[in-house]
Amino acid sequence: MAEKKEQLLEMYKTMVRIRTFEKEAIDLFAAGKFPGFVHSYLGEEAIATGVCANLKDSDYICSTHRGHGHLIAKGGKLDLMMAELYGKSTGYCKGKGGSMHIADVDLGILGANGIVGAGMPIATGAAFACKYRKTDNVAIAFFGDGASDRATFHESLNLASIWKLPVVFVCENNGWAISNSQENHQNITDVSDRATAYGIPGVSIDGNDVMAISEAAEEAIKRARKGDGPTLIECKTWRHRGHFEGDPGAYKDPKDQEEWLSDAKDALVRVEKKLIELKYANKADLDKVKADAQTEVDAAVKFAEQSPDPDPSEVLTDVYTV
Amino acid sequence: MTQMSYMEAIRDGMRVEMKRDSGVYIAGEDVAQFGGCFGVTAGLYDEFGPDRVMNTPISEAVIVGHAVGAAALGLRPIAEIMFVDFMGCCMDELHNQAAKMKYMFGGKAKVPMVVRTPCGAGLGAAAQHSQCLESWFTHIAGVKTVMPGTAADAKGLMIAAIRDDNPVMYIEHKQLLGLTGDVPDGEYVVPLGKADIKREGSDVTIVAWSWMLQKSLAAAEKLAAEGINVEVLDPRTLVPLDKDAILKSVSKTGKLVIVHEEIKTSGFGGEISAIVAEEGFDYLDAPIKRVAAPDTPIPFSPILEQTFIPSEEKIIEAVKALF
Ligand SMILES: Cc1ncc(C[n+]2csc(CCOP(=O)(O)OP(=O)(O)O)c2C)c(N)n1
């Protein structure tokens, strides 16, 4: 029970840190502090959090264009992330990657990715290396419902299934691929049905319930570590924002939008309620978590703003390994 | 003549052909009600309906691949790939299927399809959303490659691309979408393979296309103020290439600078240089110069990205080095 309390509080902290970072990033982008694309993870915090809560530092993740949450949940540092959004030399990629390419290979973060569906083969390969080296490490591929229409999804699940690779495919089904609704881009309602085609377990769960996600991930990861092969987990969720900042999301039904943002559905509010209900925390405790996250994010922004731009000569470095 | 933006001109070209030929349709990600990631197809869904303007799943291989099959049966698909960078996800469909069918089948097939896709840096979109890549396509025999640099050409080349009986890569530039110009009304066709002298001059020829055409024109203005009279030639289509126009211009000026946004190594500037070296060597009174991006991926940070993109200053410097 003490362990469960610890775990839930830890996950809550992570979710708050993601939400605080994302809110700040949106405002900074709107204020013109950095260019490029920002794909907000607001609303989907429970997924990265619940999955990564079961990972060791030596495990791997492959993220997406909507990657900030995955990176934070896997231990990414907010100041280095923020500096990367600003394109500063102190950022995770020395300013060369920006929001869509943040990576920290030392933490097992094999990168956000600008190509939809590109992370799944890479995670499959990382899982192959984990198995080849006879470690019990695993790899996680995060991807959206839209990405599950790409050949890379099908080829990765197939290969991982025949080679019994320690990889977990985590589909973040937020109902949309930019403006294209799930019902318009695939003829199924549960992406997890696709697991059947590859003879692997597939489950669909509430993507706004961090406990449920953590439990499903725990089982899949255990299975992977044991050498029993991949699992497909579909987490049903909703992105609070447009596809990227600047997209008003006019294609969404305002009723759906309102419902998903309500206290009854919002992933973060739901954990708060749970924490209070189980008497794991009181309101003051929760406020402290939020205040701490804000302090951390503020420091990250300050770090980013005070950091130097890269030197123009940096354009030419790091093309090849020498 | 109507004043419109490059983006409106692309759309107008598609609209003209969709009205004229019921076999023309558009398929791609978010092209329907949403109007495409950059808004290029906005309004066409309302005008032509769901049977002719269709959203696809995120499945580039079948976006281009289905176009090959449909075109082989006589339709004229316009397949949109949201960024040219994503062509890597459907290259087989282009280079082994669309490009080769006619030839492999002994001439007994035709594949009249257009792949429409935006290219180019300058938006802070980083390494996987900013490339140009036109020389990938010029290296595939059987595919034509079109790169409009003005609003009028955007329309005229679109119509020509749709009417062409071959697979055509129609690569528009993100930085040019808002560029306005006078665009002829109705069925305005710019034939593929016909270059256009965008600025007449006598001292040096610049060959440039797409966004770099606009940068070269701006550089030419500045050079004129310094007494260097630049001719700016826009090939408009790289395959087929109007090499006669290039050779003719170089025979007049004796000097050639090629400007492109692609990285230098194996960029299309190398091909143009080789043609002029082979067929116009005697016209040259100075070495050929290429202004191109460095051989690196495209960095995110604005200062690095600006260093990467060939600038007016670099064009001016290259021209001056010839005098
Ligand atoms: C191969 C490829 N095709 C298209 C895109 C453009 N694009 C970026 S995100 C996106 C939608 C992705 O939807 P989904 O996988 O459901 O993830 P979500 O954005 O909903 O998190 C698209 C089409 C891309 N980046 N890469």
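Described in the following lines is the structure provided in the data block. (Residues numbered from 1 in each chain as written. Chains lettered and ligands numbered in written order. Predicted model: local features only at pLDDT ≥ 70, side-chain atom pairs only at ≥ 80, totals over all residues. Heavy atoms only, no water.)

## Examining the site of the ligand
- By nearness alone, 22 residues border the ligand, and H65, R66, G114 and G146 of chain A together with E60 of chain B come closest of all.
- Surrounding the ligand is a set of residues that belongs to chains A and B.
- In the model, a nitrogen atom of the ligand is placed 3.0 Å from a nitrogen or oxygen of the V116 of chain A main chain.
- Here D145 of chain A contributes a side-chain N or O atom positioned 3.0 Å from an oxygen atom of the ligand.
- When the ligand sits alone it has 580 Å² of accessible area, and the protein chains cover 98% of it.
- Taken together, the residues that form the shell around the ligand break down as 10 nonpolar, seven polar and five charged. (Near = heavy atom within 4 Å. Polar contact = N/O pair within 3.5 Å; in protein donor to acceptor, adjacent residues only side chain to side chain. Areas by Shrake-Rupley, 256 points an atom, 1.4 Å probe, with all protein chains shown as cover. Nonpolar A, V, L, I, M, F, W, Y, C, P; charged D, E, K, R; others polar.)

## With respect to the pattern of salt bridges
Residues and elements named next belong to chain B.
- Applying the stated criterion across every chain, the model contains 44 salt bridges over all chains.
- D12 is paired through a salt bridge with R15; the nearest N and O atoms lie 3.3 Å apart. With D12 and R15 both in helix α1 (residues 6–20) and three residues apart, this pair spans about one turn of that helix.
- A salt bridge links K198 to D153; the nearest nitrogen and oxygen atoms lie 2.6 Å apart. Placement of K198 in strand β9 (residues 196–199) and of D153 in helix α7 (residues 151–163) is noted, with a sequence separation of 45 residues between them.
- Of the residues examined, K198 reaches a relative accessible area of 23% and is grouped as partly exposed.
- The class of D153 is buried, set by a relative accessible area of 3%. (Salt bridge = Lys/Arg side-chain N within 4 Å of Asp/Glu carboxyl O. Helix = DSSP H or I, 4+ residues; strand = E, 2+ residues; numbered from the N terminus. Buried < 20%, exposed > 50% of the residue type's maximum accessible area, 1.4 Å probe, protein only.)

## So, empty space enclosed by the protein
- Evaluation of the coordinates by the stated rule reveals four cavities of 30 Å³ or more.
- Its volume calculated, the largest cavity comes out at about 500 Å³.
- Lining the largest cavity we find 40 residues, and of these H65, V116, I178 and H243 of chain A together with I58 of chain B sit closest to its centre.
- Put simply, the parts of the chain that give the lining of the largest cavity at least two residues each are α5 (119–132), β2 (139–144) and β4 (176–177) of chain A.
- For the lining of the largest cavity, the leading source of residues is β2 of chain A, giving three residues.
- By residue class, the composition of the lining of the largest cavity is 19 nonpolar, 13 polar and eight charged. (1 Å grid on protein atoms, 1.4 Å probe; cavity = no way out; pocket = protein on both sides within 12 Å on 5 of 7 lines; lining within 4 Å. Points joined across faces, edges and corners; volume = space filled by probe spheres on them.)

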